[in-house]
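The lines below spell out each chain.
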Amino acid sequence: AYVDGLVITSLTPVAGPTSGATPIDVHGSGFSNASAMSCGFFAEAGLADDAPFATTPAEFLSPSRVRCLAPASGLALLATLRLSANGVEFTDHGAHYAYHEPVVVLSVWPELGPEDGGTLVTIEGRHFLPHATLSCQFADAPPSRAMWLNAETVRCVAPASRGLERANVSVT
């Protein structure tokens, strides 16, 4: 095949919302700075000769890493991401990328904590998934690791803040 030199070893992240627009770093080897390089998203049940349900340009970062933007899928599904050097033929093998319903945060408790952080915060919502990279973000602070309890509840430790402020909290 035209793309024999392209090898995908992993993706970061391995999942994102059905709405798409998630940057995906594709790790592997044989990547080039070809303008026609693209990422194809294939339905998991599809065969190697099937057409992708969507393609996006691949941004060259290094010979071992490219970045693609996940397209919207419209529904939760397991897709296979494969690469193309010419925009037409894709690698026979790829890596799995899971589409999930968008995460929704409904409540955060407690709503207040000390400025020096350290408060265990319970976040309730919908569509929380138990993956290794699950995290909480409080305003502009770096993300912190989340503890998954179930699809509706996660817990995180609040970081220190810059004084009395209300922080937006998100879960990814």
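Structure: above.
Residues numbered from 1 in each chain as written. Predicted model: local features only at pLDDT ≥ 70, side-chain atom pairs only at ≥ 80, totals over all residues. Heavy atoms only, no water.

It is worth spelling out the state of the cysteines at this point. Every disulfide links exactly two cysteines, by a covalent bond between their sulfur atoms. Taken as a whole, this structure holds two disulfides when the rule is applied. Shown here is the disulfide that connects cysteine 39 with cysteine 68, its sulfur atoms set 1.6 Å apart. Here cysteine 39, found in strand S4 (residues 38–43), pairs with cysteine 68, found in strand S7 (residues 65–69); they are 29 residues apart in sequence, far enough to count as distant. Residue cysteine 39 shares its accessibility class with cysteine 68, and that shared class is buried. Cysteine 136 shares a disulfide with cysteine 156; S-S distance 1.6 Å. Residues cysteine 136 and cysteine 156 are joined by a disulfide whose S-S torsion is about 45°; by sign, that bridge is right-handed. Here cysteine 156 lies in strand S15 (residues 153–157) and cysteine 136 lies in strand S12 (residues 135–138), a separation of 20 residues in the sequence. Residues cysteine 136 and cysteine 156 agree in their burial class; the two are buried. (Disulfide = S-S within 2.5 Å. Helix = DSSP H or I, 4+ residues; strand = E, 2+ residues; numbered from the N terminus. Buried < 20%, exposed > 50% of the residue type's maximum accessible area, 1.4 Å probe, protein only.)

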